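Results of the structural survey
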Amino acid sequence: MANILVTGADGQLGSELKKIAFSPLDEVFFTDVAELDITDKKAVEDYVSRNDIDTIVNCAAYTAVDRAEEEPDRAELINVRAVENLADVAMREGCLLVHVSTDYVFDGMASEAYTEKSVVSPQTVYGCTKLAGERAIKRSGCLAIIIRTAWLYSEFGNNFVKTMLRLAKEKGELNVVSDQVGTPTYAADLAAAIVHVLADDCVAEKTGIYHFSNEGICSWYEFAQEIMRLSGEKCKVNAIAMADYPTKAHRPAYSVLDKTKIKEKFGVSVPEWKEALGRMMKRMG
């Protein structure tokens, strides 16, 4: 039996975790900032102690990539300081910390899938703060599993799929970048992977960094095309270059993650991205 604290429970991943069946022996405490402010270390200490928490799943993050360039202090508070708080409390209380990170810790210039041993070189405030969060966990010495993911979407919150569906109803055609490639990740599949990892009897012996996204590779343009195909929307999708769509934060040109380690260590099943997108679209109705 485990007492599991889930932070950031109102976000995409946290919302999917709420829908998944954990072990019937586990008690799961779903919190967001209204219930627990993880930037307040004393509040974290009190909550973990009061509820006898032995596992923390941190889904909370500052993920507004462009806005982070203008709000670096806010991004650091949530992606670094709050993570330090969770890691320090986890170390002191003997908790396992499962933390979600990102492909943005890499420079996006690779030509083959990034492994957990690939050199990190973030190019944005968001990426830098997420990497600093990873390093804060390592410094703390707590038992931790860090799962890097990419291109997350679900029927909850704001994401690329929901944006494309909304714009398709408003416009006759859309321009979407075709020279950035990666792999979309259905938050429900990542949530299922996390629950699978936690159910492993030897999880405490398999700490470290892991990668998880759905299988396959596509560009944002190809992703948008598949969204239109599955939805039946008649909106035309045009391919454009990154250079034609400037953003405040640099977007990685290549974001494919190698999932070999999590599959081999935990026996995690990784669905293909088109199949996963189809499931999500059916759930949206």
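The notes below deal with the structure included here. (Residues numbered from 1 in each chain as written. Predicted model: local features only at pLDDT ≥ 70, side-chain atom pairs only at ≥ 80, totals over all residues. Heavy atoms only, no water.)

Right, let's talk about helix H7 (residues 187-198) for a bit. In this model H7 runs 17 Å from its N-terminal to its C-terminal C-alpha over twelve residues, within 8% of the 16 Å that 1.5 Å per residue would give. In terms of burial, H7 is largely enclosed, as ten of its twelve residues are buried. Buried within H7 we find Ala187, Ala188, Asp189, Leu190, Ala191, Ala193, Ile194, Val195, Val197 and Leu198. (Helix = DSSP H or I, 4+ residues; strand = E, 2+ residues; numbered from the N terminus. Expected span 1.5 Å × (residues − 1). Buried < 20%, exposed > 50% of the residue type's maximum accessible area, 1.4 Å probe, protein only.)

Next up on the list: the pattern of salt bridges. The tally for this structure, following the rule as stated, stands at 23 salt bridges. The salt bridge involving arginine 166 is made with glutamate 170; its shortest N-O contact spans 3.7 Å. Of this pair, arginine 166 and glutamate 170 both sit in helix H6 (residues 160-170), four residues apart, roughly one helical turn. Its relative accessible area of 44% is what places arginine 166 among the partly exposed residues. One salt bridge in this structure joins lysine 169 and glutamate 233, with 2.6 Å as the shortest N-O distance. Of the two residues, lysine 169 is situated in helix H6 and glutamate 233 in the loop between helix H8 (220-231) and strand E12 (236-240); the sequence distance between them amounts to 64 residues. For lysine 169, a relative accessible area of 65% translates into the label exposed. Linked by salt bridges that have partners in common, Glu16, Lys19, Glu155 and Arg283 make up one network. (Salt bridge = Lys/Arg side-chain N within 4 Å of Asp/Glu carboxyl O.)

Right, let's get into the nonpolar core. Ranked by size, the top nonpolar core spans 34 residues in total, and within it Val161, Met164, Val176, Phe223 and Ile227 carry the most contacts. Among the elements of the structure, H6, strand E7 (173-177), H8 and helix H10 (273-284) are those that each provide at least two residues to this core. Ile145, Ala191, Phe212 and Val270 belong to the second largest nonpolar core, which has 28 residues in total. (Core = buried A, V, L, I, M, F, W, Y, C linked by side-chain atoms within 4.5 Å.)

Turning to the sheet that holds strand E1 (residues 3-7), a few remarks are in order. Here we have six strands laid out as an open sheet, ordered E2-E1-E3-E4-E5-E10, and parallel in their pairing. Each end of this open sheet is capped by a strand with a single partner; those strands are strand E2 (27-30) and strand E10 (208-211). Going across the sheet, the axis of each strand differs from the next one's by a mean of 20°, ignoring polarity. Two elements, E1 and E2, share four bridges in a ladder whose sense is parallel. By the bridge assignment, isoleucine 4 is partnered in E2 with valine 28. (Pairing = 2+ DSSP bridges. Axes fitted to C-alpha atoms, helices over the stretch in contact; angles between N-to-C directions.)

A word on the packing of helix H4 (residues 72-93) against helix H5 (residues 125-140). A pair of packed helices is captured by two measures, namely the crossing angle of their axes and the spacing between those axes. For the pair H4 and H5, interaxial distance at closest approach is 9 Å and the crossing angle is 15°. By the angle between their directions, the pair H4 and H5 is classed as roughly parallel. Regarding H4 and H5, the two cross each other, and that crossing is right-handed. Between H4, through Pro72, Ala75, Glu76, Asn79, Val80, Val83, Glu84, Ala87, Asp88 and Met91, and H5, the contact on the second element is made entirely by Val125, Tyr126, Thr129, Lys130, Ala132, Gly133, Ala136, Ile137, Arg139 and Ser140. Per-class residue counts for the contact of H4 with H5 are eleven nonpolar, four polar and five charged. (Parallel < 35°, antiparallel > 145°, perpendicular 65-115°, else oblique. Left-handed = near helix turned anticlockwise from the far one by under 90°. Contact = heavy atoms within 4.5 Å. Nonpolar A, V, L, I, M, F, W, Y, C, P; charged D, E, K, R; others polar.)

Here we come to H8. Here H8 is twelve residues long and its end C-alpha atoms lie 16 Å apart, about the 16 Å a rise of 1.5 Å per residue gives. Trp220, Tyr221, Phe223, Ala224, Glu226, Ile227 and Met228 are the residues of H8 that are buried. Each element contacted by the buried residues of H8 is listed here: strand E6 (152-153), H6, E7, strand E11 (218-219), E12 and H10. Positive phi appears at glycine 232, one or two residues downstream of H8, with a value of about 80°.

Turning to the environment of leucine 143, a few remarks are in order. Following the sequence through the fold, leucine 143 ends up in strand E5 (residues 143-149). On the basis of relative accessible area, leucine 143 is assigned to the partly exposed category, the value being 38%. For the pair leucine 143 and glycine 14, spaced 129 residues apart in the sequence, the C-alpha separation amounts to 21 Å. The contacts of leucine 143, once residues within four sequence positions are left out, are Cys95, Leu96, Leu97, Ala204 and Thr207.

Here strand E4 (residues 96-102) lies mainly inside the structure; seven of its seven residues are buried. Every second residue of E4 is oriented toward a common face, with Leu96, Val98, Val100 and Thr102 on one face and Leu97, His99 and Ser101 on the other, all of them buried. Strand direction decides the pairing type here: strand E3 (residues 55-58) and E4, joined by four bridges, are parallel. Bridged to threonine 55 within E4 is leucine 96.

Note that all results are geometric; they support no functional claim without further evidence.
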